[in-house]
Amino acid sequence: MFTSQDRRFRSTPIDGYPTQTSDLQASTEDIFIQQLPLSAFEGGARASAQGPTLHRDLHLQLLLRNLLQGFPQRYTSQDASQPWLLFWTLQGFSVLGVALDDKTKKRARETLLALQHPDGGFSGGPGQAAHLLPTYAAVCALANVGQPGTGGAWDDIDRKKMYEFFMSLKQEDGSFLVTRDGEVDVRGLYCLLSVATLLNLMTPELLAGIPEFLVTCQTYEGGFGNASFPEWAFEGGDNGVKYDPSAPRPVLGEAHGGYTFCALASWVLIQPYIHLYYPTPSGSPPPSINLRALLRWLTHMQGIPIELGGFKGRTNKLVDGCYSWWVGGCFALVEALFGPSPSATSASSASQEKKDANTAAGEDEAWDDVDDALMNREALQEYILYAGQHSAGGLRDKPPKPADSYHTLYCLAGLSAAQHRVTPVASRKKVLLQNWKADEAKSRDGTAVQLASADELARLDELRKECFASALDWLEDEGADIYIGGNANRLNATHPLFNLTVTHAELMMTHFYGQSVPPHRAR
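Cut-offs and rules
- Residues numbered from 1 in each chain as written.
- Predicted model: local features only at pLDDT ≥ 70, side-chain atom pairs only at ≥ 80, totals over all residues.
- Heavy atoms only, no water.
- Disulfide = S-S within 2.5 Å.
- Buried < 20%, exposed > 50% of the residue type's maximum accessible area, 1.4 Å probe, protein only.
- 1 Å grid on protein atoms, 1.4 Å probe; cavity = no way out; pocket = protein on both sides within 12 Å on 5 of 7 lines; lining within 4 Å.
- Points joined across faces, edges and corners; volume = space filled by probe spheres on them.
- Helix = DSSP H or I, 4+ residues; strand = E, 2+ residues; numbered from the N terminus.
- Nonpolar A, V, L, I, M, F, W, Y, C, P; charged D, E, K, R; others polar.
- Axes fitted to C-alpha atoms, helices over the stretch in contact; angles between N-to-C directions.
- Parallel < 35°, antiparallel > 145°, perpendicular 65-115°, else oblique.
- Left-handed = near helix turned anticlockwise from the far one by under 90°.
- Contact = heavy atoms within 4.5 Å.
- Phe/Tyr/Trp six-rings, centres within 6.5 Å; stacked < 30°, edge-to-face > 60°.
- Salt bridge = Lys/Arg side-chain N within 4 Å of Asp/Glu carboxyl O.

## Overview of the state of the cysteines
In step 1: The tally for this structure, following the rule as stated, stands at zero disulfides.
In step 2: There is no disulfide at Cys140, and the cysteine sulfur nearest it, in Cys191, is 8.1 Å away.
In step 3: The exposure class assigned to Cys140 is buried, which follows from its relative accessible area of 0%.
In step 4: Unpaired in this structure, Cys322 has its nearest cysteine sulfur neighbour in Cys411, at a distance of 7.4 Å.

## Things to note about empty space enclosed by the protein
In step 1: Within this structure, the stated rule accounts for one cavity of 30 Å³ or more.
In step 2: What the largest cavity holds in volume is close to 230 Å³.
In step 3: Residue lining of the largest cavity: 20 residues in total, with Ala332, Ala417, His420, Arg421 and Val422 positioned closest to the centre.
In step 4: Only helix H14 (330-337), helix H17 (405-419) and strand S5 (422-424) provide two or more residues apiece to the lining of the largest cavity.
In step 5: Residue contributions to the lining of the largest cavity peak at three residues, all from H14.
In step 6: For the lining of the largest cavity, a count of residues per class yields ten nonpolar, six polar and four charged.

## Quick look at the packing of helix H16 (residues 377-388) against H17
In step 1: At a minimum axis distance of 9 Å, the contact between H16 and H17 shows a crossing angle of 150°. With respect to H17, the axis of H16 lies roughly antiparallel. By crossing handedness, the relation of H16 to H17 is classed as left-handed. Residues Arg377, Leu380, Gln381, Ile384 and Leu385 of H16 pack against Cys411, Gly414, Leu415, Ala418 and Gln419 of H17.
In step 2: Classifying every residue of the contact of H16 with H17 gives six nonpolar, three polar and one charged.

## A word on the environment of Leu214
In step 1: On the secondary structure map, Leu214 appears in helix H9 (residues 210-215).
In step 2: Ignoring any residue separated from it by four or fewer positions in sequence, one finds Leu214 in contact with Val186, Leu189, Phe224, Ala263, Ser266, Trp267 and Ile270.

## Observations regarding the packing of aromatic side chains
In step 1: All told, the structure shown has 21 aromatic pairs when counted by the stated rule.
In step 2: Where Phe32 meets Tyr383, the ring centres are 5.6 Å apart and the plane angle is 80°; that geometry is what we call edge-to-face. Of the two residues, Phe32 sits in helix H1 (residues 20-35) while Tyr383 sits in helix H16, which places them 351 residues apart along the sequence.
In step 3: Residue Tyr383 is classed as buried on the basis of its relative accessible area of 0%.
In step 4: Relative to Phe512, the ring of Trp154 has its centre 6.3 Å away and its plane inclined at 40°; by these criteria the two rings are tilted. Taken together, the positions of Trp154 in the loop between helix H5 (132-145) and helix H6 (159-168) and Phe512 in helix H21 (residues 502-513) put the pair 358 residues apart, joining distant regions of the chain. Each member of the pair, Trp154 as well as Phe512, is classed as buried.
In step 5: A network of ring pairs unites the aromatic residues Trp84, Phe87, Trp88, Tyr136, Tyr190, Phe261, Trp325, Trp326, Tyr406 and Tyr410 as a single cluster.

## Quick look at the pattern of salt bridges
In step 1: In total, this model carries 15 salt bridges according to the counting rule given.
In step 2: Between Lys106 and Glu110 there is a salt bridge, with the nearest N and O atoms lying 2.6 Å from each other. You can see Lys106 and its partner Glu110 sitting in helix H4 (residues 102-113), four residues apart, about one turn around the helix.
In step 3: Residue Lys106 is classed as partly exposed on the basis of its relative accessible area, which comes to 45%.
In step 4: Owing to a relative accessible area of 44%, Glu110 belongs among the partly exposed residues under this scheme.
In step 5: Arg314 is the partner of Glu254 in a salt bridge, and the nearest nitrogen-oxygen pair spans 2.9 Å. Of this pair, Glu254 sits in the loop between strand S4 (251-252) and helix H10 (257-269) while Arg314 sits in the loop between helix H12 (291-300) and helix H13 (323-326), and the two are 60 residues apart along the sequence.

What is shown is where atoms sit, not what they do.
Here it is as structure tokens:
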């Protein structure tokens with residue numbers, strides 16, 4: 001959070017040469033200033049007795065209207081994104097901590113299952129082709145409203161055909177088309193890997209080549225683009241075309257917040273595969289991304305005080321509420337790549353020790369919020385609460401734009417990510433691995449992959465086990481929670497990999513992997 005000493009509200013410098021871009025930046029900054037209460041100029045949000053307020057009831061009313069009465073006419077452009085409209089709405093309820101009645105859940109399940117394609121995967125609308133993006137949205141929506149058993153929808157997902165659909169999209173360089181005869185896009189890869197992890201569909205056959213492809217999507221800035229030029233790594237004419245995986249491949253597009261989240265989350269999801277299958281039989285070492293450059297880019301995407309600490313999605317662009325998740329959500333993933341915390345209580349213990357030391361030294365309690373976060377969590381919350389909320393309900397890109405379902409969810413998800421610190425915990429992973437039931441996992445496998453040797457089967461079992469444990473060892477450090485405006489603004493914690501609550505991700509995965517997990521311990 002920006003205190004009175006930090007909150008100078010200096011305009012973004014333009015080097016004395018105004019342009020159309022700098023004029024838009026300046027006008028946006030003027031609008032941001034108007035969103036702040038007088039207390040913000042007298043010492044930050046803490047100068048106010050109440051601070052910024054999350055208008056929870058207004059946002060719930062918007063979500064309810066969309067779900068029960070239907071979306072406004074302007075959403076007709078989203079005809080091919082119907083599972084997304086449901087996911088944004090249902091996950092909005094989940095992060096706000098509101099449960100739906102059984103009748104509404106049943107209607108949602110029926111609507112989603114009607115979009116399952118007969119050849120595998122889910123479509124964006126009735127009669128449309130299966131596509132990776134609505135497949136992710138449909139499965140995550142079903143994580144919210146589905147359950148095992150007859151009528152629960154989870155067992156109606158045709159995982160065998162879905163796996164076949166996934167494999168039909170796989171390219172020689174490790175990338176995937178988003179739909180048959182479609183384009184390669186790292187967002188589709190993230191959707192595929194998320195679904196494959198949730199539904200117990202991860203195999204070496206599916207994952208081969210993905211690490212090498214992801215590395216080619218990182219730009220010189222440190223963030224990720226949507227793909228790389230596929231033809232760059234092929235040589236020869238009509239005869240004897242050969243793929244050279246070692247050939248350098250230029251990135252297709254600039255670094256972007258959405259692509260970066262999808263690439264980074266994909267990278268975290270495939271860590272079990274990298275650890276188990278590299279070096280390759282030919283001796284190739286595991287590919288690697290430039291974490292230092294990535295972290296530099298991510299931190300530079302957070303706005304300065306006059307931008308209220310929001311995030312932008314590209315260099316020299318305006319801040320936008322949705323990047324509260326697409327960029328703000330990346331920091332937990334970066335932390336995870338540095339390794340899980342050694343115990344479930346280490347982070348909160350360190351936080352308490354810091355507070356005790358400050359108290360002993362007689363320091364002002366206002367400085368106790370200083371932590372080791374890689375982003376300014378307090379400032380991001382202020383951006384969402386001051387600039388992201390629409391007075392009529394819902395959340396938005398920035399004022400004076402209207403609210404919409406997309407920004408409502410991703411602003412809420414970003415607010416959750418800024419409030420809670422959710423990280424992998426080594427002790428939790430150890431418990432999950434110790435309680436693993438290999439035979440149950442095999443019986444729930446939805447891939448029907450035939451492997452030649454006992455060694456390959458053993459490694460596949462280990463891959464399933466590691467994917468399960470690595471996805472569910474994420475725990476909230478309750479000692480590191482920060483709620484700008486007070487506890488009334490609290491949202492449910494969001495799983496950094498899936499944008500589901502930790503509970504929904506756990507329930508779906510335990511079903512499809514045939515496992516039972518011990519209860520969480522407080523951190």
